Amino acid sequence: MANGADKPWQADPELVEKKSRPGSEINYHESKVPSYDLPDPLVDSAGEAVTAESWPQRREELMELFREHVYGRRPSVPYRLNAINVARHEGVFEGAADARELKLEITSGGESYAFTLLLFTPTGKVAGDESKRPAIVFLNNRDFPTLKQAIEEPNDFWPVRQICERGFVAASVSTKQIDPDAKGKFDEGLRGFFARVSGTGPDEHSWGALSAWGWGLSRVVDYLLTMPEVDPDRIAVVGHSRGGKAALWAAAEDPRIAVAYSNNSGCGGAALSRREYGETVKRITTAFPYWFCKHFASYGDRVAELPVDQHQLIALIAPRSVYVTSATEDLWADPRGEYLSLINAAPVFERLGKSAVSNPQMPAADQPRTSGQTGYHIRSGIHNLTPTDWQHFMDFMKTLED
Ligand code: GTR
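As the structure is a computational prediction, the values presented were derived from the model and not from experiment.

Draft legend 1. Examining the overall build of the chain more closely. A tally of regular secondary structure across the chain gives 13 helices and 10 strands. For the chain, the C-alpha radius of gyration of 20 Å lies close to 21 Å, the compact-globule estimate for 402 residues. Considered along the principal axes of its C-alpha atoms, the chain spans approximately 60 × 55 × 45 Å. For the chain, the residues scored as buried account for 55% of the 402 residues in total. For the chain, the proportion of contacts with a sequence separation of at least 24, taken over those separated by at least 6, is 71%. Placing the 44 positive and 55 negative side-chain charges of the chain at their respective mean positions leaves the two points 2 Å apart.

See below:
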């Protein structure tokens, strides 16, 4: 092992210097992180300590705060979901899986909106005496493959063959197909669709694209729950970066999601906003205002006044499971802030009778740490979702079976 390879991770000072620009508002120095107080997930708005029994009410209070101030409120418009088979190939990956392409079509007020679902089901025998498989739904925020590409062109970002070979049903949808990942395209996406059919325009607290993407994940869950081969208690959602932010919020909004995995999700995802390290609320709401509700931008210059912070987002998923990962060179996403979120959510898991990662020291690079419902690793390298990240995550999924 290289010197210090088993010591708690800390940002490489040379990298910190390299990334720090004179006069820039973006801070990479740990010494310049402002002092802050995190809002306590286990004290309610009346100042009362939260017990396991009162957690459901406190959870709802926190959900409302996140909706109102960060991700926005989803519309409550009735709709119908239709899954349309588009293509099917049996025995792909030398017989290891069956592959399908479906269209998930949402119909409301006589209009429809649709996005593609790619779905791979392993063909092998299910381990033990169980007859059902866990499923992993990947929210792809990069180039979404065609079914043919997913079968024929191995892709490290979504290593679907390896996922199937480890016994998981593998599903994927595209962020952009659910709601465009660009400014000024509201009318073209799911949010525009719902605004049109309900006749209500967006306001200060309406859902942003991250929430719409997460809503799309929940429609995949709807479909998976109709599949007899899927274990309804072991459905995971996975996202990288902006996709990781959406995956966490999707799991907060949808209790049927058993596991959320956020990879390099940073600001607005796993990282604590109050640290203002790397990407800040001010910067993200300037560059990507449409990801959040409009109101979130008003906290750009006053993050200390945010009624929530991101450890509470992770806590909202308790007592279900959360896996968070960072990358050593991805200081923009604030690895330490991501780890601190995870450990500051641990008291909620514990209050609910579960264990969670709580060691205040970060692990060394490339050494996954798991405890009960949560897990973490920081991979050597750049901002990316790699086969190594996937393997560690699937190892974590396996620990949940015991
Ligand atoms: C960046 C953005 C991050 C992160 C990233 C990504 O430009 O600032 O918040 O989400 O994009 O999605 O890769």
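Draft legend 2. Looking closely at the site of the ligand. Around the ligand, the structure places Asn141, Ser241, Arg242, Lys245, Glu279, Ile284, Phe288, Trp291, Trp332 and His383. Contacts to the ligand include Trp332, whose side-chain N or O atom sits 3.0 Å from an oxygen atom. Taking His383, its side chain carries an N or O atom lying 3.1 Å from an oxygen atom of the ligand. Look at the ligand: alone it shows 320 Å² of surface, and the protein chains cover 82% of it. Residues belonging to the shell around the ligand are distributed by class as follows: 4 nonpolar, 3 polar and 3 charged.

Draft legend 3. Up close: the pattern of salt bridges. Under the definition given, this model contains 28 salt bridges. In this structure, Arg88 engages Asp98 in a salt bridge whose closest nitrogen and oxygen atoms are separated by 3.9 Å. Here Arg88, found in strand E1 (residues 80-91), pairs with Asp98, found in strand E2 (residues 97-108); they are 10 residues apart in sequence, far enough to count as distant. Judged by its relative accessible area of 46%, Arg88 falls in the partly exposed class. Notably, a salt bridge pairs Arg166 with Asp395, separated by 2.8 Å at the nearest N-O pair. Here Arg166 is found in the loop between helix H5 (160-165) and strand E5 (169-174), whereas its partner Asp395 is found in helix H13 (residues 387-399), with 229 residues between them in sequence. Shared partners join several salt bridges into a network, and the residues in it are Glu60, Glu64, Arg67, Glu68, Arg73, Arg74 and Glu253.

Draft legend 4. Looking closely at the packing of helix H2 (residues 55-71) against helix H9 (residues 242-253). Contact geometry for H2 and H9: axes closest at 11 Å, N-to-C directions at 140 degrees. With respect to H9, the element H2 is oriented oblique. You can see that H2 and H9 cross each other, and the crossing is left-handed. Contact residues: H2 offers Arg59, Met63, Phe66, Arg67 and Tyr71, while H9 offers Trp249, Ala251, Ala252 and Glu253. Grouping the amino acids of the contact of H2 with H9 by side-chain chemistry returns 6 nonpolar, no polar and 3 charged.

Draft legend 5. Local environment of the sheet that holds strand E10 (residues 374-379). Taking strand neighbours across the sheet as the criterion, the 10 strands line up as E1-E2-E3-E5-E4-E6-E7-E8-E10-E9 in an open arrangement whose pairing is mixed. Looking along the sheet, the strands with just one partner apiece sit at the ends: E1 and strand E9 (369-371). Each adjacent strand pair in this sheet contributes to an overall mean axis angle of 15 degrees, direction not counted. Where E9 and E10 come together, 3 bridges link them in antiparallel fashion. Among the inter-strand pairings, Thr370 is bridged to a residue of E10, identified as Gly375. Strands in contact with H9 are strand E4 (133-140), strand E6 (230-240), strand E7 (259-263) and strand E8 (321-327); relative to E6, the strand with the most contacts, it is inclined by about 145 degrees. Lying on the sheet, H13 is in contact with E4, E6, E7, E8, E9 and E10; it crosses E4 at an angle near 145 degrees.

Draft legend 6. Inspection of the pairing of E2 at higher detail. Of all 12 residues that make up E2, 9 are buried, and the element is covered over most of its length. Strand direction decides the pairing type here: E1 and E2, joined by 9 bridges, are antiparallel. Across the sheet, the residue bridging to Asn85 is Leu102, located in E2. The pairing of E2 with strand E3 (residues 111-122) spans 12 bridges and is classified as antiparallel. Residue pairing in the sheet places Ala97 in a bridge with Pro122 of E3. Counted along the chain from E2 to the antiparallel partner E3, the turn is 2 residues long, and its residue Gly109 has a positive phi close to 55 degrees.

Each value, and the rule that gives it
- Residues numbered from 1 in each chain as written.
- Predicted model: local features only at pLDDT ≥ 70, side-chain atom pairs only at ≥ 80, totals over all residues.
- Heavy atoms only, no water.
- Helix = DSSP H or I, 4+ residues; strand = E, 2+ residues; numbered from the N terminus.
- Rg over C-alpha atoms; globule rule 2.2 N^0.38 Å.
- Buried < 20%, exposed > 50% of the residue type's maximum accessible area, 1.4 Å probe, protein only.
- Contact = heavy atoms within 4.5 Å.
- Lys, Arg positive; Asp, Glu negative; His and termini not counted.
- Charge placed at Lys NZ, Arg CZ, Asp CG, Glu CD.
- Near = heavy atom within 4 Å.
- Polar contact = N/O pair within 3.5 Å; in protein donor to acceptor, adjacent residues only side chain to side chain.
- Areas by Shrake-Rupley, 256 points an atom, 1.4 Å probe, with all protein chains shown as cover.
- Nonpolar A, V, L, I, M, F, W, Y, C, P; charged D, E, K, R; others polar.
- Salt bridge = Lys/Arg side-chain N within 4 Å of Asp/Glu carboxyl O.
- Axes fitted to C-alpha atoms, helices over the stretch in contact; angles between N-to-C directions.
- Parallel < 35°, antiparallel > 145°, perpendicular 65-115°, else oblique.
- Left-handed = near helix turned anticlockwise from the far one by under 90°.
- Pairing = 2+ DSSP bridges.

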